[in-house]
Each structure stands twice: as structure tokens, then as C-alpha cells.
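Chains, contacts and geometry: an overview
These are the residues of each chain, in order.
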Amino acid sequence: MKDLKYLAAFSIPMSAILGLWMKDLWLFATPIFAFAVIPFLEMMLPIDNKNLKPGVVESKLKNKLFDWLLYLNLPLVYGILYYGLTLSISENFTTVEFLGLIFSVGIVIGVNGINVAHELGHRQGTKERFCGKALLLPALYMHFYIEHNFGHHLHAATKEDPATARYNQTVYSFWITSVFRQYVNAWRIQNKLLRIKQNSFFSVKNDMFWYLVIQTLFLLSVLNVFGMMGLLFTIASAVIGFLLLETVNYIEHYGLLRLKTSSGRYERVGEKHSWNSNHIIGRIVLYELTRHSDHHYKSSKKYQVLNCHEESPQMPFGYPTSMVLAFIPPLWFAIMNKRIPTEMIMNHHV
């Protein structure tokens, strides 16, 4: 029964379905649930920093329930997006109600779309990676697969990494730098991969080209079926989705930099280069993304067996609460800056 705790990850899409069905101000049920109710519950409930015993780890890795809990997000995300699209053209929403609709669907795209895509993108199975890329499509962020797996995990906690926030950088500045630098970096990585395998830029092996084609066809299909209003809704929801991802990126490595060794190379990525959180609600809703230090230590590790490391820097709050704090930069800096090791702060100025 304890394994069923991850059903709570479906609470956000369920709140979205409720909001879309009830309409009116209920359209804001999802943003209120995600940014008010969940943070409140996080602060009320205890922290759980226990790790699984080896025998339990083996059992959980064999249990397919954990995989199916991820796969179920695929029909959920696309179903909610379709529901939102039909409402966007059939209902005479006010501007405020339309914004509620966009935020509700956008949050689902970010949490149950991109976040689950991130987990599946690290799997070795072709079908799982396909599902992961499919979950990135509604966010128009398919390039994330390439940049994250072949860029971020190599350069995390360095100045070369677009997804590592600098000391005293606001989340709003980070949105701009990370979104554009990651996209450019994805093309750079793709070109490098093509050269290694001796393929040309115009090869059918150019995944970035296919992502561009697929996302364009997706938007053209929406325009053809749902018109300009549906297209506007789809793009706006996608933006909310990937900005939610970038906010998570912001808090995951904020201010943490790897030091350079005497040889001029960066030290190996370790447990101290990601912010960890053991707040139980955030762990469950985000499929253990908050145990981010262990994820970087071994990226192929499945979410249900991620560990907490004592040497990892610990967030005073869970990821959902920390995201809310990040939206208020002076408060975020006041809480987080004093937790960053001095040598890492000095490294930002080198």
C-alpha cells in the first residue's frame, strides 16, 4: 500500500479536470492547489530522509507499478490538453477565465508532462524514451531531451551549463538565459553527435530537425482543427509548462558551482552540487525529483529508489514551496544565499 503513495502525483491533473469541468473561477483550482495548498501541506508534514534497504530496492525495481504510474501520464496530459482546447473555442470565457484555463493546463504540462518526460528520458528502453519525447511535445520543448541528457548532466554546476542559475541571479533573468541558451546548446550538441557518427547536418539522424518538424505539424494541426484561439491557447499553455520546468531548474542548482582542479578541469559532479529536499509532499508529487543530488550522482537510477545523501545541500523547504519563494527574489536570496558554501560564491566572481 505504501507504493500507492505516488498516486498523489495525479492530484494536479485531477484538480485541472475538476476546474475545467466546473469552469468560472474553478479554472484557478490548479494554480491554487499547486502554489498554495501543496506548499502549505509541505510545511505541515514531516521530513522523511530515510533511504531504502538493499533488499527493498531490488523489490521496488522489479515492481512494474512504478513504471505504469509514469506511463499513465501520457493519456492524462493529452486528454487534459484536448479538453482545454475544446473549451477554449466552445466557451465564451472572460480574459481572466481564459488565463485560468491556460495556467491549469500549463501546470499539468509542466508537472505531469515535462517532469515525467525527464524521468523517462533517462531510461534505456526505446519505448520509454519515445513516451518521454511525446510528453515534451505539448510544451514545445522536445530539444530538452538532447540538451538535458548530453549537456546538463555533463556541465551541471558550471558556468557552461545554461540550466545552472548563477549566484544572485533572479528566476526571471534565468528564464531568459536558460530558455535561449538551452535551445542553442541543443543544436550545438546535435551537430557534435552527427559529426561523431559521420552524418551530415541534413541527415535523417538529425533529431533536432525532426523535433522542429513534429512541433510545427502539431501547431498546424491545432490551428486547422481549433482555429487561432486554439493555437493561442496551446502556445500559451506550453510557455507556462516550460517556464515551470525552468523554475525547477533554477532552484535545483542555484548558486552551486563545481571547483576547478589544478589541471584546469572541473571536479567530478557530486552530491554537493544539487539542492536536495526530503519534504514528503514534494517528493511524491514530483516523482522524487527533489532527491536531485542522487539523480545527478547516477542518472539512470529510477525515481522510486533515489537516496538522500548527508553531504548534499538541503533546502529549508520542499521544491514546490521553494518555487513560490523564487518568484520573490529578495526573499529567495535572503533564505538561500547564506546556505551556499563560501568557496562556491567566490567561484562565481572568478
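Residues numbered from 1 in each chain as written. Predicted model: local features only at pLDDT ≥ 70, side-chain atom pairs only at ≥ 80, totals over all residues. Heavy atoms only, no water.

The name an unreviewed UniProt entry assigns to the chain is Alkane 1-monooxygenase, from the organism Geojedonia litorea. In its Subcellular location (unreviewed entry) section, the UniProt record describing the chain reads: "Cell inner membrane". Per UniProt, the chain has the following entry under Sequence similarities (unreviewed entry): "Belongs to the fatty acid desaturase type 1 family. AlkB subfamily." (UniProt positions renumbered as here; feature names shortened; annotations may be inferred.)

Here we take up the overall build of the chain. From N to C terminus, the chain includes 15 helices and zero strands. For the chain, the C-alpha radius of gyration of 20 Å lies close to 20 Å, the compact-globule estimate for 350 residues. Burial analysis of the chain (350 residues in total) assigns 55% to the buried set. Once local pairs closer than 6 in sequence are excluded, the contacts in the chain between residues at least 24 apart make up 72%. Counting 32 positive and 23 negative side-chain charges, the chain places the averaged centre of each group 7 Å from the other. (Helix = DSSP H or I, 4+ residues; strand = E, 2+ residues; numbered from the N terminus. Rg over C-alpha atoms; globule rule 2.2 N^0.38 Å. Buried < 20%, exposed > 50% of the residue type's maximum accessible area, 1.4 Å probe, protein only. Contact = heavy atoms within 4.5 Å. Lys, Arg positive; Asp, Glu negative; His and termini not counted. Charge placed at Lys NZ, Arg CZ, Asp CG, Glu CD.)

Turning our attention to the UniProt feature "domain: Fatty acid desaturase" (unreviewed entry) in the chain. UniProt feature "domain: Fatty acid desaturase" (unreviewed entry): in the numbering of this structure it lies at residues 101-303. Across residues 101-303 one finds 64% helix and 0% strand; the C-alpha atoms that close the span lie 30 Å apart.

Overall, the coordinates contain 21 aromatic pairs when judged by the stated rule. Both rings, one in Trp-175 and one in Phe-327, keep their centres 6.4 Å apart while their planes meet at 65°; by these two values the pair is edge-to-face. With Trp-175 in helix α9 (residues 171-196) and Phe-327 in the loop between α13 (319-326) and α14 (329-336), the pair connects residues that are 152 residues apart, well separated along the chain. Classification of Phe-327 by relative accessible area gives partly exposed; the value is 27%. Here the basic side chain of Lys-133 rests over the ring of Tyr-145, its NZ or CZ set 4.4 Å away from the ring centre. The residue whose ring lies beneath Lys-260 is Tyr-266, and the NZ or CZ to ring-centre distance is 5.2 Å. (Phe/Tyr/Trp six-rings, centres within 6.5 Å; stacked < 30°, edge-to-face > 60°. Lys NZ or Arg CZ within 6 Å of the ring centre and 35° of its normal.)

For Asp-24, which is not glycine, the phi torsion reads 50° and is therefore positive. Take Asp-24: it is sitting in the loop between α1 (11-22) and α2 (29-44). We classify Asp-24 as partly exposed; its relative accessible area is 47%. Of note in this structure, Glu-288 is not a glycine but carries a positive phi near 65°. Structurally, Glu-288 is set in the loop between α11 (280-285) and α12 (292-297). Residue classification places Glu-288 among the buried residues on the basis of a relative accessible area of 2%.

The final tally for this structure, using the stated rule, is 11 salt bridges. For Glu-119, the salt bridge goes to Arg-123, with nearest N and O atoms at 3.0 Å. (Salt bridge = Lys/Arg side-chain N within 4 Å of Asp/Glu carboxyl O.)

Our focus in this paragraph is the side chain of Glu-271. Along the chain, Glu-271 falls in the loop between α10 (207-253) and α11. Despite its burial, Glu-271 pairs with no opposite charge; the closest candidate is Arg-268, at 6.4 Å N-O.

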